[in-house]
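# A structural walkthrough
Chain residues, written in single-letter form:
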Amino acid sequence: MNTRPNIVLIHGAWADGSSWSGVIQRLQADGYHVTAPQFPLTALADDVARLRQVLDFQDGPAIVAGHSYGGQIITALGPDAPGVAGLVYIAAFGLDEGESLGALLSQGPVTPALAHLVTDKQGFGWLSEDDFVHHFAADVDPVQAKVMYAVQQPLATSAFTDVMGVPAWKTQPSWYLVAADDQALPPAAERQFAARMGATTVEIPASHVAMVSHPGDVAQLIETAADAVRATS
């Protein structure tokens, strides 16, 4: 039966499910069933467990889209990802086996958005307001960016040392949106991820939070992925 896949959206670090609001509205208007759960960001294993829980709750196959660290979560599903029809990366990490976030980020200078990362006593990292508003969400209206800053979800710093197993993109069709003006994850790294996974790739002039500043472009790529998997089902 050639029915539309469900859409599951995974937020990244220093964000929450509401960061997908503009994308959700567009996908729902086009008739898609969308889920954008909150992730604990307490450990990669915890986040993958939450995603598996959400996937198990779906009534059919799903396109799974991850932003930033959300790409780490969807990649860590590995080859055993029941219910997943395709992966969409939005300015997201797409690590290969044996790689870690910390090792990757240490290969170059600290990006402006992460320049003043503060780690609390429990080992969670937070962005400063200035870095969040002016670099992390650089092309978002400052009033909205400050709201996003207020609801940021900190990331356990242990996530930077977690080593990737066999990545899900080895066995799943993938799509990638490169944010050309990203000041958190270098656009060059995004292009490398996309090329390495053989992803269908689009590039737009956006900050790291492309799903907030360019929800139409993000929704379009997700729908492109959905159309592609329907055509092959």
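Positions within a chain are numbered from 1, following the residues in the order the chain's sequence is written. Per-residue local features are limited, in this predicted model, to residues with pLDDT of at least 70; the limit for side-chain atom pairs, both in listing and counting, is 80 or more; totals at the level of whole chains, interfaces and linings are taken over all residues. Excluded from the side-chain calculations are hydrogens and water; all other atoms, namely the structure's heavy atoms, are used.

Let us look at helix H9 (residues 215–232). End to end, H9 covers 26 Å across 18 residues, agreeing with the expected 26 Å (1.5 Å per residue, within 8%). Along H9, the residues classified as buried are Pro215, Val218, Ala219, Leu221, Ile222, Glu223, Ala225, Ala226 and Val229. By definition, any uninterrupted DSSP run of H or I lasting at least four residues is a helix, any uninterrupted run of E lasting at least two residues is a strand, and each is numbered from the N terminus. How far a helix is expected to stretch is found by multiplying one less than its residue total by 1.5 Å. Buried means the residue's accessible area, taken with a 1.4 Å probe over protein chains only, is under 20% of the maximum for its type, while exposed means over 50%, and partly exposed covers the values in between.

Turning next to the nonpolar core. A general tendency of soluble globular proteins is for nonpolar side chains to be buried together. Put simply, buried Ala, Val, Leu, Ile, Met, Phe, Trp, Tyr and Cys residues joined by side-chain atoms within 4.5 Å make one nonpolar core. Counting 81 residues, the largest nonpolar core has Trp20, Leu51 and Ile222 as its most contacted members. For this analysis, residues touch if any pair of their heavy atoms sits within 4.5 Å. When sequence neighbours within four positions are dropped, the list of residues in contact with Ile222 reads Ile7, Leu9, Trp20, Val23, Leu27, Ile63, Ala65 and Val88.

Turning our attention to the pattern of salt bridges. A pairing counts as a salt bridge when a side-chain nitrogen of Lys or Arg comes within 4 Å of a carboxyl oxygen of Asp or Glu. Across all of its chains, the model carries three salt bridges by this definition. Linking Lys170 and Asp96 is a salt bridge whose minimum nitrogen-to-oxygen distance equals 3.7 Å. Here Lys170 is found in the loop between strand S7 (155–156) and strand S8 (174–179), whereas its partner Asp96 is found in the loop between strand S4 (84–90) and helix H4 (101–105), with 74 residues between them in sequence. Here Glu203 makes a salt bridge to Arg191, at a shortest N to O gap of 2.7 Å. Residue Glu203 is located in strand S9 (residues 200–204), and its partner Arg191 is located in helix H7 (residues 187–197); the two are separated by twelve residues in the primary sequence. A relative accessible area of 38% places Arg191 in the partly exposed class.

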